[in-house]
Amino acid sequence: MHVFVDADACPVVALVEEISTKHHVPVTLLCDTNHVLRSDVSEVRIIGAGRDAVDFALINACHRGDVVVTQDYGVAAMALGKGAYAIHQSGRWYLNDNIDQLLMERHVAAKARRAFGKHHFKGPAKRTAEDDTRFAESFERLLMMAVESENK
């Protein structure tokens, strides 16, 4: 079992490393050449800067039972398809029961942006300590569930 993080601009890397280390689960951070990371805890894979290169490298590396941390619904869908667990940096779990709706919402939003010629909307609100707490609790529950499932 392994944790893979789509680490380009990911605000929860330190939390993932802390919780994964506590549970003795190795972590790999994947980033492109525009977001070079360093870690004393995790393996860091720097992937070429091509479009979706990190996404495809992550999906090629993960296997059934691994945990994937990503904000990209497409990456989450592919991870679920491989039998991996997936979680958003907000702490929301991607599940087979909700991924189709999330992908549809993303599609509709992109279509609306194209129709109105607006390519940049205001980003998400600044991350708070409560956001980190919510993610940490959710991630730890998911990780413990994955570890327990692996040990069966």
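Reading guide: rules and limits
- Each chain carries its own residue numbering, running from 1 in the written order of its sequence.
- At least 70 in pLDDT is required for a residue's local features to be given in this predicted model, at least 80 for side-chain atom pairs to be given and counted, and no such filter applies to totals for whole chains, interfaces and linings, which use all residues.
- Excluding hydrogens and water, the side-chain figures rest on all heavy atoms present in the structure.
- Here, any two strands with at least 2 DSSP bridges between them count as paired.
- Each helix corresponds to a stretch of at least 4 residues labelled H or I by DSSP, and each strand to a stretch of at least 2 residues labelled E; elements are numbered beginning at the N terminus.
- Helices are assigned an expected span. That span is 1.5 Å times one less than the residue count.
- Between two residues, a contact is recorded if the distance between any of their heavy atoms is within 4.5 Å.
- The buried label goes to any residue with under 20% of its type's maximum accessible area, the exposed label to any with over 50%, and the partly exposed label to all in between, with areas taken from a 1.4 Å probe on protein chains only.
- Any pair of nitrogen or oxygen atoms within 3.5 Å is treated as a polar contact; in protein, a donor-acceptor pairing is required on top of that, and neighbouring residues in sequence qualify only through side-chain atoms on both sides.
- Orientation is described by lines fitted to C-alpha atoms, with helices fitted over the stretch in contact, and by angles between N-to-C directions that extend from 0 to 180 degrees.
- Orientation labels follow simple angle bins: below 35 degrees gives roughly parallel, above 145 gives roughly antiparallel, 65 to 115 gives roughly perpendicular, and whatever is left gives oblique.
- In this scheme the handedness of a crossing depends on how the near helix is turned from the far one: anticlockwise by less than a right angle means left-handed, clockwise means right-handed.
- Each residue is assigned to one class: nonpolar for Ala, Val, Leu, Ile, Met, Phe, Trp, Tyr, Cys and Pro, charged for Asp, Glu, Lys and Arg, and polar for all the others, Gly among them.

A few points about the sheet that holds strand S3 (residues 43-47)
As summarised here, the arrangement of the 6 strands in space is S3-S2-S1-S4-S5-S6, forming an open sheet in which the pairing is mixed. The two strands at the open ends of the sheet, each matched to only one other strand, are S3 and strand S6 (93-94). Across 3 bridges, strand S1 (residues 3-6) lies against strand S4 (residues 67-69) in parallel orientation. Across the sheet, Val5 pairs through a bridge with Val69, a residue of S4.

Structural notes on helix H5 (residues 129-150)
Between its first and last C-alpha, H5 extends 31 Å over 22 residues, near the 32 Å set by a 1.5 Å rise per residue. Residues of H5 that are buried make contact with S1, helix H1 (13-22), S4, strand S5 (85-87) and S6.

Some details on the environment of Ser39
Tracing the backbone shows Ser39 in the loop between strand S2 (27-32) and S3. Under the relative-accessibility criterion, Ser39 is labelled partly exposed at 22%. When the C-alpha atoms of Ser39 and Val13 are compared, they prove to be 9.7 Å apart, with 26 residues separating the residues in sequence. Within the local environment of Ser39, its side chain forms a polar contact with the side chain of Glu17, the two groups lying 2.5 Å apart. For Ser39, the side chain forms a polar contact with the main-chain nitrogen of Ser42, separated by 2.9 Å.

Re the packing of helix H2 (residues 53-61) against helix H3 (residues 73-81)
The contact between H2 and H3 brings their axes to 10 Å, and the two run at 15°. With respect to H3, the axis of H2 lies roughly parallel. Classified by chirality, the crossing of H3 by H2 is right-handed. Facing H2, whose interface residues are Asp55, Phe56, Leu58 and Ile59, H3 presents Val75, Met78 and Ala79. A class-by-class count of the residues in the contact of H2 with H3 yields 6 nonpolar, no polar and 1 charged.

Considering the packing of H1 against H5
Between H1 and H5, whose axes approach to 10 Å, the crossing angle comes to 35°. For H1 against H5, the interelement crossing comes out right-handed. Together, Leu15, Val16, Ile19, Ser20 and Lys22 of H1 and Asp132, Phe135, Ala136, Phe139, Glu140 and Leu143 of H5 make up the contact between the two elements. Of the residues belonging to the contact of H1 with H5, the class tally is 7 nonpolar, 1 polar and 3 charged.

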